[in-house]
Amino acid sequence: MIGITGQIGAGKSFVGQILRDRGFKVLDADKAVHELYCCDTDLRKAIAVEFGAESLIEDGVNRKFFADLIFEDESARKRLENLVYPALTEFVVQQNPDYVEAALFENVPEMVERMDQFWIVTAPEKVRLARLVKQRHLSAEDALRRIELQRLKDDPKVWKTLLLNKPLRFIINDGETSLDI
């Protein structure tokens, strides 16, 4: 399996779609987590026990509840991740895709171990900013704030430490250069 990751707005989903169009099985980890929130009864029970029934809605988790909770209590994010990431890893293993697209592989060491290599999708900051404003409809200020949170990932050396020295391939997705996929 190959992991596809990169900074916000770099084009991970774009690369994933190119691979899907070529017939490869690409699993979007964000979508998988939402599917698990909705349909994995064991995960839903564990979340309800840990956070209370108000943490769930019929088709997933109560995002406002978690946004408010995590803002007030940083440990809540870690507790939620400790429930979700094992379920996600198991789901990925069961699906056995060719590629897994995810923003934060480094938070799931079990998943990193299962990847043969990682493709890091990169783009200049001005390109990422424009994409976040145009495609995700973020304000420029909010987009810049999110970009700033990932500033360390501008350095390729950081990826080597985040991904436990797995083989890395950097893909430039600046909208001008032909993608080397």
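The structure this text deals with has already been given above.
The sections below set out a description of the structure shown in this document. Keep in mind it's a predicted model, so treat the numbers as computed, not measured.

## Overview of helix α3 (residues 41-51)
Considered for burial, the residues of α3 that qualify are L43, R44, I47 and F51. Each buried residue of α3 sits inside an arc of 100 degrees when the element is viewed along its axis, so together they form one side. For α3, exposure combined with an orientation more than 90 degrees from the buried face picks out T41, D42, K45 and V49. The backbone nitrogen of D42 lies 3.1 Å from a side-chain oxygen of the residue at the head of α3, namely D40. Taken from the residues just after α3, G52 is the one with a positive phi, measuring 95 degrees.

## Quick notes on the packing of aromatic side chains
Here the structure, examined in full by the defined rule, presents five aromatic pairs. When the centroid spacing of 5.6 Å and the interplanar angle of 85 degrees are considered together, the rings of F24 and Y99 count as edge-to-face. Of the two residues, F24 is situated in the loop between α1 (12-21) and β2 (26-28) and Y99 in strand β5 (residues 99-101); the sequence distance between them amounts to 75 residues. The class of F24 is partly exposed, set by a relative accessible area of 36%. On the accessibility criterion, Y99 (8% relative accessible area) is buried. For the ring pair F65 and F66, a centre distance of 5.1 Å and an interplane angle of 90 degrees mean the geometry is edge-to-face. By the ring-pair criterion, three or more aromatic residues cluster together here, those being F24, Y99 and W119.

## Re the packing of α3 against helix α5 (residues 74-95)
Contact pair α3 / α5: the axes reach a minimum separation of 10 Å and the direction vectors enclose 165 degrees. Put simply, α3 runs roughly antiparallel to α5. Seen along the crossing, α3 lies across α5 with a hand that is right-handed. Two secondary-structure elements touch here, α3 through L43, A46, I47, E50 and F51 and α5 through A76, R79, L80, L83, V84 and A87. Taken together, the residues of the contact of α3 with α5 sort by class into nine nonpolar, no polar and two charged.

Here is what the cut-offs are and how they apply
- Residues numbered from 1 in each chain as written.
- Predicted model: local features only at pLDDT ≥ 70, side-chain atom pairs only at ≥ 80, totals over all residues.
- Heavy atoms only, no water.
- Buried < 20%, exposed > 50% of the residue type's maximum accessible area, 1.4 Å probe, protein only.
- Helix = DSSP H or I, 4+ residues; strand = E, 2+ residues; numbered from the N terminus.
- Arc of directions from axis to C-beta.
- Polar contact = N/O pair within 3.5 Å; in protein donor to acceptor, adjacent residues only side chain to side chain.
- Phe/Tyr/Trp six-rings, centres within 6.5 Å; stacked < 30°, edge-to-face > 60°.
- Axes fitted to C-alpha atoms, helices over the stretch in contact; angles between N-to-C directions.
- Parallel < 35°, antiparallel > 145°, perpendicular 65-115°, else oblique.
- Left-handed = near helix turned anticlockwise from the far one by under 90°.
- Contact = heavy atoms within 4.5 Å.
- Nonpolar A, V, L, I, M, F, W, Y, C, P; charged D, E, K, R; others polar.

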